[in-house]
Amino acid sequence: MAQRLGLMAHSFPGGVHPDQYKLTGELPIEDFPLSAVHILPMKQHIGETCSPLVAVGDRVLRGQKIAKAEGYVSVPVHAPTSGTVVKIEEHAIAHPSGMGMPSIFIESDGEDEVDESLAPITDWKNTEPTVLRERARMCGLAGLGGAVFPTFIKLVQDKRFPIETVILNGIECEPFLTNDHRLMAEYAAEIITGLAIIKHMVGAPSALIAIEDNKPEAISAMQEALIAADLDDVQVVVLPTRYPQGSEKQLIYSLTGREVPAGKLPMHVGIICQNVGTTKALFDAVVLGRALTERIVTVSGDALPNPANLRVRLGTPMRALLAHQGLDDLSQVQIVHGGPMMGERLSHADIPVVKSTNGVLALSKGFMRAAHTVEQPCIRCGHCSEACPVSLVPNLLADQCRSDQFEKAEAYDLFDCIECGCCSYVCPSNIPLVHYFRYGKGQVSLQRREQAFAEASRQRSESRDARIQREKDEKAARRSRVRKTHAPKPAAAEKEAAAKAGDVNSKPEETS
Amino acid sequence: MPMIMLSSPHAHGGDSIRMQMFTVMVALLPATLFSVYLFGWLSLFLIVTCMAVSLITEAVCLKLMQRPLSTLLDNSAALTGLFLALTLPAATPWWMAVLGSVFAIVLGKQVYGGLGYNIFNPALSARVILLISFPLNMTTWIVPMSAMQPLLDLYNFSDCLSLFFMGPDALKLGFDAISMASPLGHVKTEATLGVSVAEALKAYDYSYLNAFLGFEAGSIGETSALALMIGGIFLLARHTITWHIPFSFIGTMALLAAIFNAIAPDQFAPPMFHLFAGGLMLCAFFMATDPVSSPVTPVGQIVFGIGCGVLTWSIRSFGGYPEGAMFAVLLMNCAVPLIDHYFRPRVYGHGRDKS
């Protein structure tokens, strides 16, 4: 039987060991009650923004599509509960800048009536992968580990890049967060079924389920479910706890020794990675016929009285989550969306939960002060370079970004940075390295966009010039043809006169 | 908190410049204590003077540059002062110690923009300036208290005070009476007279054990290889430095010395002699590993260490000066930006065989 506990064969360089703060690791998932109003931003994934399908006053059911996907890299948005659409306007989203996005406001009617239009596909084993893929898209599935990449795009069979192994990412290396941990402990059977569906969809012969060693309950639950499911060539692999083990590229290297080449995707090395939360959502979408309307959120932090793992409907205001767990006065805390290493710090809590919300943390000012004190000059100690899992040289990169030397930064592989935060974590000078990288990447993206625009303008201008020139040439050609046809014939008398006058005085022949 | 937009990460490992510098000072404690044992009050005077003047000079510079004086708390000026003191001969007069400290802080660090911007190791640049400006004083080694009945009692406070402020004339002693040659100096002078290394060491009554423990003439902090190695291992254990520079520096020295000693033992000293002599241990573990002036990348650090080793050995064996470690480190400091550029680690996803 292949369901053994495997050990990691390779170790990615660098990484750090932050305090884990898994305050909610043993706490079972609790249901969070419906809110009075749910706010659904039009973009909860990487890709194109959706456009609303409903109007103010419409009644919607739970799981009903309320915004349609635009373009290829996009997935629809669904109503989290039944109710009436009261507003469609801009509202703040979980971004550190405090920016807003068009959002649909749904007032709950308390009935929580479910839209049953999607039929469960119980015989998925004999269903065409393309049908299952469309189901994943229709249900709005995106990567629930935090990256929210539209799931259906990954779950494809491409003959040029056959998939050998599916990796289920149950690592959850961020401090505080335990939603994947609890999902695996409580819904192991569903996740295993979801894994089987994925294997069927991509045609992969084998799979690995990667879990960090700080989750013994999850490991044993997944092991038992795996044995019960009797799947071929699937293993649970336990990896030592280290940040950022859960980063896709680092995980692939740890498990298989393969590196995803720069600019390429895991499928180019024959691997598909999927978060366990997304896998469970896929199970719900295929086997139960449910669209993505809720997710598990770890509400925690060193300044929160009652940390918990909550099952939350999308669109729930974060303020409600914190209040439910005992924190009403937010003036003395900092709110972080996600984990402390890569999460976004929000300036206020009136922001809705979205598909990427794996955690809402209330951190004390003392906690934050350690990471955000006065920046001192770089002493070139090299600890950042030692900690970088991608083997970059962060201090040189940050210097280049800060002094606007973007070509040099690109040459030093700025765009390979995964923004994990290991470098800033170890910096003795408290330099906000990741901040400089984000600035650099933003400026370079802006420059590239401007260049592309300028290039397109130049091309338009050149084709216009070419067209005008072409028209001019055509006109000239026409004119000369006309002239030729109507040109006066050289008279015999003229010729005689020219011959008499002598060669020297003869007029040059008319050239037509 | 004044920040408007805080970028992740929001957690920090707790390291600070202060902690790093303080760890190095703790690592220097064995060598410092031993220097006081060997050279008594003179050591103390030098250490106190250099550290105090360094701090004062830095305070003045910070004021002139309109920077907060709290920068002094990062311990870097104090550390530079301590380093400089440990590289000085015991009989250094007070004004040379003051001058050296001012040079170290101003010309070694602040003119470049302060901590983190200097190209050269500040303490070593000051030491070299002093050596070239005052060659006699900088190569005069007082007989340490471990030797048999030295003429000068270095545990006598008033004698040392007079010597420190007014020179040996105040004690009615000439420099020759109270000083001796260092092992390196002795071997170099004898070599010019055609004496082989082995004979020179015999005439010097050289003992490897004494050299390792530190009972020999030299700068106040550099004599004891043992004390410095203890400090170096402490730094490695605390992860303040990595093994790359010290091991490649010392390894290259040992290798070169071994090869050439095997080829021509009369001309070239054996490896153990080189490892325990002069400022090698101090430079390899403490000076060359100064984070600001050394490479950031691991392979770069090895290249740096090898370069230092080659240069030190070459200067010692072929050059005019008996001691080459400080010149070697400063010369390699020049090459650090280039080394950093060309010896960057291979980035994930680049450079492996394309599949």
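Here, every reference points to the structure presented above.
As a starting point, this report considers the structure included with it. (Residues numbered from 1 in each chain as written. Chains lettered and ligands numbered in written order. Predicted model: local features only at pLDDT ≥ 70, side-chain atom pairs only at ≥ 80, totals over all residues. Heavy atoms only, no water.)

Some points on the overall build of chain B
Right, so step 1: For chain B, the count of helices and strands is 17 helices and two strands.
Right, so step 2: In summary, chain B has a C-alpha radius of gyration of 21 Å against a globular reference of 20 Å for 355 residues, a match within 12%.
Right, so step 3: Dimensions along the principal axes, computed over C-alpha positions, put chain B at roughly 70 × 55 × 30 Å.
Right, so step 4: Buried residues in chain B amount to 56% of all 355 residues.
Right, so step 5: In chain B, of all internal contacts separated by at least 6 residues, the share reaching a separation of at least 24 is 74%.
Right, so step 6: Element-wise, carbon and sulfur atoms account for 70% of the exposed surface of chain B, whose accessible area totals about 15000 Å². (Helix = DSSP H or I, 4+ residues; strand = E, 2+ residues; numbered from the N terminus. Rg over C-alpha atoms; globule rule 2.2 N^0.38 Å. Buried < 20%, exposed > 50% of the residue type's maximum accessible area, 1.4 Å probe, protein only. Contact = heavy atoms within 4.5 Å. Areas by Shrake-Rupley, 256 points an atom, 1.4 Å probe, with all protein chains shown as cover.)

Re the interface of chain B and chain A
Right, so step 1: Taken together, the 40 residues of chain B in the interface contact 55 residues of chain A.
Right, so step 2: Across the pair D340 of chain B and R380 of chain A runs a salt bridge, and its minimum N-O distance is 2.9 Å.
Right, so step 3: Our enumeration of links across chain B and chain A arrives at 23 residue pairs in polar contact (both at pLDDT 80 or more).
Right, so step 4: Among the secondary structure elements, those contributing two or more residues to the side of chain B that touches chain A are α1 (17-27) and α17 (325-342) of chain B.
Right, so step 5: Here the side of chain B that touches chain A takes three residues from α17 of chain B, the largest share from any one element.
Right, so step 6: Tallied by class, the residues present in the side of chain B that touches chain A amount to 18 nonpolar, 16 polar and six charged. (Salt bridge = Lys/Arg side-chain N within 4 Å of Asp/Glu carboxyl O. Polar contact = N/O pair within 3.5 Å; in protein donor to acceptor, adjacent residues only side chain to side chain. Nonpolar A, V, L, I, M, F, W, Y, C, P; charged D, E, K, R; others polar.)

Here we look at the sheet that holds strand β7 (residues 77-78) of chain A
Residue and element names in this part refer to chain A.
Right, so step 1: Here three strands make up an open sheet; going across it, the order is β4-β6-β7 and the pairing antiparallel. On the outer flanks of this sheet lie β4 (51-52) and β7, each paired with one strand and no other.
Right, so step 2: Relative to β7, strand β6 (residues 65-68) runs antiparallel, the two sharing two bridges. Bridge assignment links K65 to a residue of β7, and that residue is H78. (Pairing = 2+ DSSP bridges.)

Remarks on the sheet that holds strand β3 (residues 37-41) of chain A
All names here are of chain A.
Right, so step 1: In spatial order, the strands read β3-β9-β8-β5; together these four strands make up an open sheet with antiparallel pairing. Because the sheet does not close on itself, it has two edges, and the strands there are β3 and β5 (59-60).
Right, so step 2: One ladder, built from five bridges, connects β3 with strand β9 (residues 100-108); its direction is antiparallel. Bridge pairing in β9 places I39 opposite F105.

Observations regarding empty space enclosed by the protein
All names here are of chain B.
Right, so step 1: In total, this model carries three cavities of 30 Å³ or more according to the counting rule given.
Right, so step 2: Reported here for the largest cavity is a volume of approximately 270 Å³.
Right, so step 3: What lines the largest cavity is a set of 23 residues, and nearest its centre among them are M21, L79, F83, D290 and P291.
Right, so step 4: Of all the elements in the fold, those that place two or more residues in the lining of the largest cavity are α1, α3 (76-87), α5 (122-133) and α15 (280-287).
Right, so step 5: When residues of the lining of the largest cavity are assigned to their parent elements, the largest contribution, four residues, is made by α3.
Right, so step 6: Looking at the lining of the largest cavity residue by residue, the class counts come to 14 nonpolar, seven polar and two charged. (1 Å grid on protein atoms, 1.4 Å probe; cavity = no way out; pocket = protein on both sides within 12 Å on 5 of 7 lines; lining within 4 Å. Points joined across faces, edges and corners; volume = space filled by probe spheres on them.)

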